[in-house]
Amino acid sequence: MAKYVTIQVPRREPPPAPEAAGEQCKKCGASLEKGELERNLRVCPHCRHHYPLPSHERIALLADKSSVSFVGEEVQAVDPLEFVDLQPYPERLSKAQMQTGLSEALLAARCDVAGLPTALGVLDFQFLGGSMGSVVGERFHRLAQIAVDERRSMVIVAASGGARMQEALFSLMQMAKTVVAAQLVGRARLPYVTILTHPTTGGVFASFATVADIILAEPGALMSFSGPRIIEQTTREKLPPGFGSSESQLTHGQVDMVVDRREMKDRLAQIIRFLMGGGTRG
Amino acid sequence: MAERRSPEGAWQAVQLARHQDRPQTLDYITQTLPDFLELRGDRLHGDDRAVIGGLAGLGKRRIVLIGHQKGHTLAERQEHSFGMARPEGYRKAMRLAKLGEKFGLPVVTLVDTSGAYPGKDAEEGGQAGAIARSIELFANLEVPTVTVIIGEGGSGGALAMAVADRVLMLENSIFSVISPEGCAALVWRDAAEAPRAAAALRLVAADLLEIGLIDAVIPEPPGGAHTDHLATTRRVMHEVQLTLGELERIEPAERLRLRYEKYLRMGRYAVTNSK
Ligand SMILES: [Zn+2]
């Protein structure tokens, strides 16, 4: 099992997620000791429910200790359309930065995964719903270029509500931009693996998340392009329990495997090592 | 940036873009492509009537034409799922685009959809993956590609068929990441604020040209495209031919490189020196 390590992160640590301080698992109701979730990679030890993992913890989970250097931090958001909103977009951005300690929704890094050189990007749902604006697109692009230039595999952990509405069509176009950027990695014959976590929806699900060579999913994550509420409203269909879940996507042929977070690093390393020319065993 | 369009102005374009008498893909075919040969099915699962595609002569060229079809009457709209494509629609588009590539035929897409079909079967059939793969395939086509947004360009369901060397828009067509109603519901919790949202989203053709996200705007007859189908469809196909002529003068590898570059450049952000 991958070991939890502490790494250097840009800016400051985000505050603990609300459930971290909670005494009960929201899913199964089991009582949890203080800090028990964090010690278990935010997976309930009783029911295996996977709680959201902040992006810096995700990088610590997947990357080898001391191998991480962040990239793309120089790319920062602007308000290209002076979007009219109840709260101005720049204010929403600074609030999200304060709350998460992140500069944008995509945290990108060069790192090693079990000694394998990797370009790793992690979307954080806590940052404006992991929405894809121009910065997410450009950081993705820069990360892909690093992967190509330095012969690294590319790994993206997705969690997103979809588009960044405040950037309007610029946001939609990031779907095309990221798909094209992923092509650069593919043309260099480097592995591109995505890990879909709860929730992966909208424009992210319908772009770079699903053009990967191999698609992994965390247990119980929701994946949907349109979103269950819109589907029920538009078609008046009653959706079955588990609709769009990782497990359902697996049966419908949309993902390669559902992997427990505690085994994710080993599985990821196995895949990259194999595609980069090693064997399937470590 | 130029003056923001008024909510009334933006909303007028939205209504014209959605006008039920506006020329749709089948009207373009009837009016301008007399020898159109429809090809059906995705070879995997079904034939999505929200997407029409086939072979056609256009002037001295042979092309592959693929477009959304919304339908005019209620019966037609139901037959064509209101132009909302399912995975099989995108897979049909991909299959036909590949056919064009194989035989060196330029691929022309006409986009007119409020979005991809939001349904259980569509989702379970891989809606997201179909859209992503379609974007990928159109980005990589070795033949010249032109998209015309002839009505509504709604979100990812439109983009799946709107990645091209040149993207043109009719004057009163719209292209947006979210419907104005959806945006209004999110921002003001009130769908009646849709005109304000339409202005904020800058979804009208001329505004998108100004911010560099599309390549040209095709004028419509006074009163809108629905007032004169023949003039509109001829004008659009004339512009398509001019654009294809331009693209054919570019060497294929260079055209592909330019297409990649265009999409990799999209977005507005700042680059700071400090980390
Ligand atoms: Zn539990």
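Residues numbered from 1 in each chain as written. Chains lettered and ligands numbered in written order. Predicted model: local features only at pLDDT ≥ 70, side-chain atom pairs only at ≥ 80, totals over all residues. Heavy atoms only, no water.

Peer 1: I'd like to hear about the overall build of chain B, residue by residue, with values.
Peer 2: When its secondary structure is counted, chain B shows 12 helices and 9 strands. Computed over the C-alpha atoms, the radius of gyration of chain B is 18 Å, within 12% of the 19 Å expected from 2.2 N^0.38 for a compact globule of 275 residues. The principal-axis extents of the C-alpha atoms in chain B amount to approximately 55 × 50 × 45 Å. A total of 275 residues make up chain B; the buried ones form 60% of that total. For chain B, the accessible surface area stands at approximately 10,600 Å², while carbon and sulfur atoms represent 51% of it. Computed over 34 positive and 36 negative side-chain charges, the inter-centroid distance for chain B is 4 Å. (Helix = DSSP H or I, 4+ residues; strand = E, 2+ residues; numbered from the N terminus. Rg over C-alpha atoms; globule rule 2.2 N^0.38 Å. Buried < 20%, exposed > 50% of the residue type's maximum accessible area, 1.4 Å probe, protein only. Areas by Shrake-Rupley, 256 points an atom, 1.4 Å probe, with all protein chains shown as cover. Lys, Arg positive; Asp, Glu negative; His and termini not counted. Charge placed at Lys NZ, Arg CZ, Asp CG, Glu CD.)

Peer 1: Break down the coordination of the zinc ion for me, citing the residues and quoting the values.
Peer 2: Residues and elements named next belong to chain A. Surrounding the zinc ion are the protein donor atoms Cys25 (SG), Cys28 (SG), Cys44 (SG) and Cys47 (SG), at 2.2 to 2.4 Å. Angles of 107 to 113° at the metal separate the 4 donor atoms of the zinc ion, which places the site in the tetrahedral class. Going along the chain, you hit the donors of the zinc ion in the pattern C-x2-C-x15-C-x2-C. With cysteine 28 in the loop between α1 (18–21) and α2 (36–39) and cysteine 47 in the loop between α2 and α3 (55–62), the pair connects residues that are 19 residues apart, well separated along the chain. Judged by its relative accessible area of 38%, cysteine 28 falls in the partly exposed class. (Donors = N, O, S within 2.8 Å, 3.2 Å for Na, K, Ca; no water. Tetrahedral: all angles 85-135°; square planar, octahedral: opposite > 155°, others 65-115°.)

Peer 1: Report on the domain arrangement of chain A, specifying residues and quantitative values.
Peer 2: Residues and elements named next belong to chain A. Its domain assignment divides chain A into domain 1 (18–51) and domain 2 (53–275). With centres defined by C-alpha atoms, the gap from domain 1 to domain 2 works out at 24 Å. In this assembly, 6 residues from domain 1 lie in contact with 9 residues from domain 2. Buried area between domain 1 and domain 2, summed over both chains or domains, comes out near 820 Å², and the portion from carbon and sulfur atoms is 52%. (Domains from an automatic or database assignment. Contact = heavy atoms within 4.5 Å. Buried area = accessible area lost by both parts, 1.4 Å probe.)

Peer 1: Go over the packing of helix α2 (residues 25–32) of chain B against helix α11 (residues 229–248) of chain B with me, naming the residues and quoting the values.
Peer 2: Residue and element names in this part refer to chain B. Here α2 crosses α11 at 85°, and the two axes come no closer than 9 Å. In terms of their interaxial angle, α2 and α11 are classed as roughly perpendicular. Listed contacts from α11 to Asp27, Tyr28, Gln31 and Thr32 of α2 are His229, Leu230, Thr232, Thr233, Arg234, Val236 and Met237. Here the contact of α2 with α11 is composed, by residue class, of 4 nonpolar, 5 polar and 2 charged. (Axes fitted to C-alpha atoms, helices over the stretch in contact; angles between N-to-C directions. Parallel < 35°, antiparallel > 145°, perpendicular 65-115°, else oblique. Nonpolar A, V, L, I, M, F, W, Y, C, P; charged D, E, K, R; others polar.)

Peer 1: A description of the pairing of strand β3 (residues 106–113) of chain A should follow, citing residues and the corresponding values.
Peer 2: Residues and elements named next belong to chain A. Taken across its 8 residues, β3 has 6 buried, putting it largely inside the fold. When strand β1 (residues 69–71) meets β3, the two strands line up antiparallel, connected through 3 bridges. The residue of β3 that forms the bridge with phenylalanine 70 is alanine 109. Judged from the 8 bridges that link them, β3 and strand β4 (residues 116–123) form a sheet pairing that is antiparallel. Bridging from a neighbouring strand, valine 113 pairs with leucine 116 of β4. (Pairing = 2+ DSSP bridges.)

Peer 1: So, the pairing of strand β6 (residues 192–201) of chain A: which residues are in play, and what are the values?
Peer 2: Residues and elements named next belong to chain A. With 9 of 10 residues buried, β6 is to be regarded as a mostly interior element. Strand direction decides the pairing type here: strand β5 (residues 153–160) and β6, joined by 6 bridges, are parallel. Bridge assignment links valine 155 to a residue of β6, and that residue is valine 193. Where the polypeptide runs from β5 across helix α6 (residues 168–187) and back to β6, its parallel neighbour, the crossover connection is right-handed. Bridge analysis of β6 against strand β7 (residues 214–217) gives 4 bridges, and the strand direction is parallel. (Right-handed = clockwise from strand over helix to strand, strands pointing away.)

Peer 1: Give me the nonpolar core: which residues, what numbers.
Peer 2: Of all hydrophobic cores here, the largest spans 144 residues; its most connected members are A:Tyr192, B:Ile66 and B:Phe175. Here the element with the most residues in this core is α6(A); it accounts for 13 residues. Residues within four places of B:Ile66 in sequence aside, it is in contact with B:Val51, B:Ile52, B:Gly53, B:Ala93, B:Leu96, B:Ala97, B:Val107, B:Val108, B:Thr109, B:Leu110, B:Phe138 and B:Met161. Formed by 23 residues, the second largest nonpolar core is a distinct cluster that contains B:Phe36, B:Ile52, B:Leu168 and B:Leu170. (Core = buried A, V, L, I, M, F, W, Y, C linked by side-chain atoms within 4.5 Å.)

Peer 1: Summarise the interface of chain B and chain A; cite the residues concerned and give the values.
Peer 2: Across the contact, 54 residues belong to chain B and 59 residues belong to chain A. The contact between chain B and chain A buries some 4,900 Å² in all, and 69% of this surface belongs to carbon and sulfur atoms. Between the two partners, chain B and chain A, sit 0 salt bridges. The tally of links between chain B and chain A comes to 17 residue pairs in polar contact (both at pLDDT 80 or more). Residue assignment for the side of chain B that touches chain A shows that the elements contributing at least two residues are α5 (120–124), α6 (127–140), α7 (155–159), β7 (174–176), α8 (180–187), α9 (194–201), α12 (252–264) and β9 (269–271) of chain B. Residue contributions to the side of chain B that touches chain A peak at 10 residues, all from α6(B). The residue makeup of the side of chain B that touches chain A, split by class, is 31 nonpolar, 13 polar and 10 charged. Across 3 bridges, strand β2 (residues 75–77) of chain A lies against β9(B) in antiparallel orientation. (Salt bridge = Lys/Arg side-chain N within 4 Å of Asp/Glu carboxyl O. Polar contact = N/O pair within 3.5 Å; in protein donor to acceptor, adjacent residues only side chain to side chain.)

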